[in-house]
Amino acid sequence: MYLSKKLLCFVGGCCFCSILLLVFVSMSEGVWGQSQAFELRTIEVNQSRETPSLLPVPRNRIDAVELSNRQVFDISRVLKKEGGVHIQEEDGWGLRLNVGIRGMPPHRSRKITFYEDGVPIAPAPYSAPAAYYNPGLNRTESVEVLKGLNSLLWGPNNVAGSIHYQSKSFSNITRGRAQIGLATFNTQRYQGEYYFSSSHNQFILTAEKLSSDGFKIIDGGGNTGFERKDFLIKYRRNMENPSSGVTVKLGYAEEKSQETYLGLSVEDFYQNPRRRYLSSRYDQMEWFHRTVHLMYDLSGKDWFFHGEIYYHDFDRRWNRLNHLKGPGLPSLYDVLKFPEGGNANYYRLLKGELNSTDLGGLLLAQAHNDRSFGSGGLQLTLQHHPSDFGEWSVQSQFRVRYHEDYIKRNHEFQDWEVFQGNIYPMGTRYDGVKNRDHSSAFSWALRSEWARGDWVFSGAIRGEDVRYQSRDDVTHLAQHRRDHVLVPGIGVGYSFSEKWKTAFQIYRGVTLVGPQGGETTEPEQSWNKEVNLLYEDHDRKRRADITFFQIDYQNMFGICQLNSGCVQDAQLDQTFKGGNAVIEGWEGSWFQDVQGGVTLGFSFTFLSARFRNSFLSTNPEWGVGWVQEGDPFPYVPDWSWAIQLGWKGRFWHHEGIWQYTGRQYDQSVQTDRLRLPAYQVFDYVGSFGKRSHRLVWRIDNVFNHVYMVSFRPFGARPGKPQMFHLGYQWSF
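Just so it is clear, the model here is predicted, and its values are computed rather than measured.

Its place among the elements puts Tyr347 in helix α8 (residues 344-351). Owing to a relative accessible area of 10%, Tyr347 belongs among the buried residues under this scheme. For the pair Tyr347 and Tyr277, spaced 70 residues apart in the sequence, the C-alpha separation amounts to 9.9 Å. Excluding its chain neighbours within four sequence positions, the residues that come into contact with Tyr347 are Ser265, Asp268, Tyr277, Val335, Leu336 and Pro339.

Glancing now at the environment of His323. Within the secondary structure layout, His323 lies in strand β16 (residues 303-324). Given the relative accessible area of 24%, His323 is considered partly exposed. For the pair His323 and Leu364, spaced 41 residues apart in the sequence, the C-alpha separation amounts to 6.2 Å. His323 has contacts with Leu332, Leu364, Ala365 and Phe413, leaving out every residue within four places of it along the chain.

Here we come to the pattern of salt bridges. Scanning the model with the defined rule gives 51 salt bridges in all. Across the pair Arg77 and Asp683 runs a salt bridge, and its minimum N-O distance is 3.1 Å. Here Arg77 is found in helix α4 (residues 75-79), whereas its partner Asp683 is found in strand β33 (residues 679-689), with 606 residues between them in sequence. For Asp683, a relative accessible area of 1% gives the class buried.

With the rule as written, the count across this model stands at 39 aromatic pairs. Note on Trp641 and Tyr660: the rings are 5.4 Å apart at their centroids and 10° apart in plane angle, and the pair reads as stacked. With a gap of 19 residues between them, Trp641 in strand β29 (residues 639-648) and Tyr660 in strand β30 (residues 652-661) connect regions that are remote in the sequence. As far as burial versus exposure is concerned, Trp641 and Tyr660 are alike and both buried. Here the aromatic residues Phe389, Trp392, Trp450, Trp455, Phe457, Tyr494 and Phe496 are joined through ring pairs into a cluster of three or more. Its guanidinium or amino end placed over the ring of Trp318, Arg96 lies 6.0 Å from that ring's centre, counting from NZ or CZ.

Parameters and conventions
Residues numbered from 1 in each chain as written. Predicted model: local features only at pLDDT ≥ 70, side-chain atom pairs only at ≥ 80, totals over all residues. Heavy atoms only, no water. Helix = DSSP H or I, 4+ residues; strand = E, 2+ residues; numbered from the N terminus. Buried < 20%, exposed > 50% of the residue type's maximum accessible area, 1.4 Å probe, protein only. Contact = heavy atoms within 4.5 Å. Salt bridge = Lys/Arg side-chain N within 4 Å of Asp/Glu carboxyl O. Phe/Tyr/Trp six-rings, centres within 6.5 Å; stacked < 30°, edge-to-face > 60°. Lys NZ or Arg CZ within 6 Å of the ring centre and 35° of its normal.

Given below as structure tokens:
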């Protein structure tokens, strides 16, 4: 535990006070008067009660109905259809989510912020923002992509946007549901959820077990599957006003997966994309996540107060092939990118075709990366709902948060020998990186919106005061730094008619560097501008939107991480300056509810993300060499779109989803730059039956299209091949 004693004592005190408050509320009927009957409605108190903006801007929200209809456990397959969102797949199952919004580099989603129920959910959003954990979809009711002024309020990173998960909401009736599903590659999914409701008490329990043998095949045999478990418990005690009360949320999740960073050479990829080389046989990640979240709601006639305290911890151990041991040897990336000539023997060693003794005892170095994360804090939100102020309708929101998080790294290495079609450990482990980072942040945000007639005026501002501490446990060197940022923004909206509306926004974007930036590194900053055009026809059940956006970077930076190609352990978590850059593009969507239960949807993103200056790069993510003005960001597609066609009847539902992802580059430096081809994937989902008993099925990648999703850090890796899923739902 590396959170400050002050925060832990404070959180503990708040937990104790919350328990007392629950007891007080339970015994308070005599104080507030005799218990009276009232109509209990479904209450969504588990999010931050974010009041929708009055500005006429698109709301990219994937609701409970869509998540249920799609029958997915991989959130990336859902997010891909949202305008402005691009995904770099990694394992084909969505276990490691790499999300970019509006041109942000997607590697481990480190430049956007993830929230669940209004609080940061990443393991350590300030100290180490890489998102190794994301909530399971079994516990999720909706997912919203926040952009523009809406993302400004959340932070800490808002250059492009944030993603907000809302966990299951309480129900006004006691009910339950169970589901069992079987799929290709011995994939099994077991889900259950139970809702209890009485006049003053509400309860939710969700559970899921998901496992698979995996779709990859290791030379000589081996496990490539995974198993994931996820549990969520929520309890709420309502006051006489059902919009006020106390909520306790407890969550636990764990995963064990036989995943690797090792890919294939390009030639091997197109011969058999499901292949894995022998040298990755014993790669494995295991992690555990725990969360405690206490919420208190109090509402009045035109205001709402939401207070919450939260704590998450996350522990992960990843054993994986890291490099060839020895001075002057090429990286695994170089071996698989250029497997001929001088790299031919190293390439054959990875496949197990040569023994270590054939190459003078050449060994493989396997990394054993243990990391512990923790984050917690207190957040208070006060909202003033729209009310008349003369001829104006006004709504405001103020949020303040104190947050601490940490990461502790304990990296070790062990040598392995390749011998007669297997690999064996040699000797004992030896030390690699051992360090810790700690961050404490005080932030506040204010938004006020004024509407009069056809006009809406919106203003928002957020402040962040962050203190970092870093300590190297090997050298015992320590450093401190502090970031203080102020992020303003304004927006103007106008309604041409009831159906046609437009809005303009300009705001400051910030991405915090974190503890690794050194004492003189400034946060990444940008000026963001966007223009929205929105069309809604409720009578015809039709809506459309289009947005032009521009992000003008002033001091872009990159962080050296292994998944983005940083293979030198001494460079891990270092920051590199990229200078100026510009991202601009278009995003939009269209949805039509046709008669006869037919629905049609379309979304697209077109963007250009390029550097505006030339510089010598030593950052492997951008490539080593000269980055020229106009060179592209790596792993950002220039064009993507998605088409949805649904058909729903009384007892059945069918939906097809056709997604296209444009070309991408594995680095910015033109020398030896690899282009990943564009690809298309078609998924189909259906169901049949009544509400109480229902069959569900899904086919991922119907046409079994082979596509490359990444060449970093070590070679080409595929997307998910064709997979059939059949399940049964029982509701009671």
